[in-house]
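# Close look at the chain arrangement
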Amino acid sequence: MIIKESPIPLYFQLEQVIKEMIEKKELKPGDLVPSEREYAEKYQISRMTVRQAMNNLTSEGYLQRERGKGTFVAYKKFEQDLEHLTSFSEDMRLRGMVAGTKVLEFNIIKASEWLAKKLGLEEGSSVYEIKRLRLGDQLPIAFQIFYTSVDRIPGLTREIAEQSIYQHIENETELRILSAEQEVEATIARKHMADALDIKIGDPILYISRVSLTENDIPLEYVQSYYRADRYKYKVKINR
């Protein structure tokens, strides 16, 4: 409800109305919200007032605009703590969500010079190359390319890759991932990533590369991950 006689600005009142509808799940992530004209007519306020409210809610992450389609309720971003080393499946469980995996490709390749260097192998060594779509509650979150030595993790299969590879390593081998070197940068989606993540070519994504290490700093895996920037964010605590 909007009270025109209130000293509280009309745009702020409309923001609170929309936020409350989102919190009560009357408007759910992915829902198309009414247009500026519809809100203006419903509450008898100007479209400029509605536009200001919508702009503020978009800036705060409650709404997102898609050119040519309209304004939608934004999906809540999944937050990853950079201080702790966890797998994607563990990340989802910590959020009370169901992790899912769709294996797009499962190959054994010969390590190129750059890949052999990442994994601490001889060039030409046999390496698993696994391309996977990672899901959270059935929503596409990340496109990943996973590399590891065939000799270090023998018997890895497509079926195992559809679950948690980390869990397989911990349960079926004597190897333990103790640390990782990770880089994060912004980039844009190319066609195959956009198709997998259900976004547009050129949309912003988070690119994260990780080398996970066992005892004596031996590289066990190299993973390239492309996260939807509208559904994932990273945080880190920094002490002076």
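Residues numbered from 1 in each chain as written. Predicted model: local features only at pLDDT ≥ 70, side-chain atom pairs only at ≥ 80, totals over all residues. Heavy atoms only, no water.

Let us now look at the overall build of the chain. For the chain, the helix and strand inventory stands at eight helices and ten strands. Based on the C-alpha atoms only, the size of the chain along its principal axes is roughly 75 × 40 × 30 Å. Across the chain, the fraction of contacts at a sequence separation of at least 24, relative to all contacts at a separation of at least 6, is 59%. When the accessible area of the chain is evaluated, it comes to approximately 14,100 Å², of which 49% is carbon and sulfur surface. Positive and negative side-chain charges in the chain, numbering 36 and 38 respectively, have mean positions lying 6 Å apart. (Helix = DSSP H or I, 4+ residues; strand = E, 2+ residues; numbered from the N terminus. Contact = heavy atoms within 4.5 Å. Areas by Shrake-Rupley, 256 points an atom, 1.4 Å probe, with all protein chains shown as cover. Lys, Arg positive; Asp, Glu negative; His and termini not counted. Charge placed at Lys NZ, Arg CZ, Asp CG, Glu CD.)

Once that is clear, we can look at unusual backbone geometry. Within the chain, asparagine 216 stands out as a residue other than glycine whose phi angle is a positive 60°. Locating asparagine 216 in the fold gives a position in the loop between strand 8 (204-213) and strand 9 (219-228). Look at asparagine 216 and you get exposed, because its relative accessible area is 74%. For aspartate 217, which is not a glycine, the phi torsion comes out positive at approximately 55°. In this structure, aspartate 217 sits in the loop between strand 8 and strand 9. Judged by its relative accessible area of 56%, aspartate 217 falls in the exposed class. (Buried < 20%, exposed > 50% of the residue type's maximum accessible area, 1.4 Å probe, protein only.)

Before going further, it helps to spend a moment on the sheet that holds strand 5 (residues 126-136). Taken in spatial order, the six strands of this open sheet run 4-5-6-9-8-7, and their pairing is antiparallel. Here the strands that pair on one side only, and so sit at the sheet edges, are strand 4 (99-110) and strand 7 (179-188). Sheet twist, expressed as the mean angle between neighbouring strand axes with direction ignored, is 15°. The pairing of strand 4 with strand 5 spans eleven bridges and is classified as antiparallel. Opposite valine 103, over in strand 5, you have arginine 132 as the bridge partner. (Pairing = 2+ DSSP bridges. Axes fitted to C-alpha atoms, helices over the stretch in contact; angles between N-to-C directions.)

Here strand 1 (residues 63-66) runs beside strand 2 (residues 70-73); their pairing, made up of four bridges, is antiparallel. Bridge assignment links glutamate 66 to a residue of strand 2, and that residue is glycine 70. Linking two consecutive strands that pair antiparallel, namely strand 1 and strand 2, is a turn of three residues; a positive phi of about 85° is found at glycine 68 within it.

Here the focus is the confidence of the model for the chain. Per-residue pLDDT for the chain has a mean of 86; in total, 90% of the residues score no lower than 70. Mean pLDDT across the elements of the chain ranges from a minimum in strand 3 (residues 78-81), with 58, to a maximum in helix 5 (residues 113-119), with 95. (pLDDT = per-residue confidence, 0-100.)

Mapped onto the elements of the fold, isoleucine 18 is located in helix 1 (residues 10-23). Isoleucine 18 has contacts with Leu27, Tyr39, Met54 and Leu57, leaving out every residue within four places of it along the chain.

This part is about a negative patch on the surface. Taken together, Glu181, Glu183, Glu185 and Asp217 make up a surface patch of like negative charges. With respect to the helices and strands, the residue glutamate 183 is situated in strand 7. Among the residues examined, glutamate 183 registers a relative accessible area of 52% and is labelled exposed. (Patch = residues over 30% accessible without salt bridge, like charges linked within 9 Å, V, L, I, M, F, W, Y side chains within 5 Å. Salt bridge = Lys/Arg side-chain N within 4 Å of Asp/Glu carboxyl O.)

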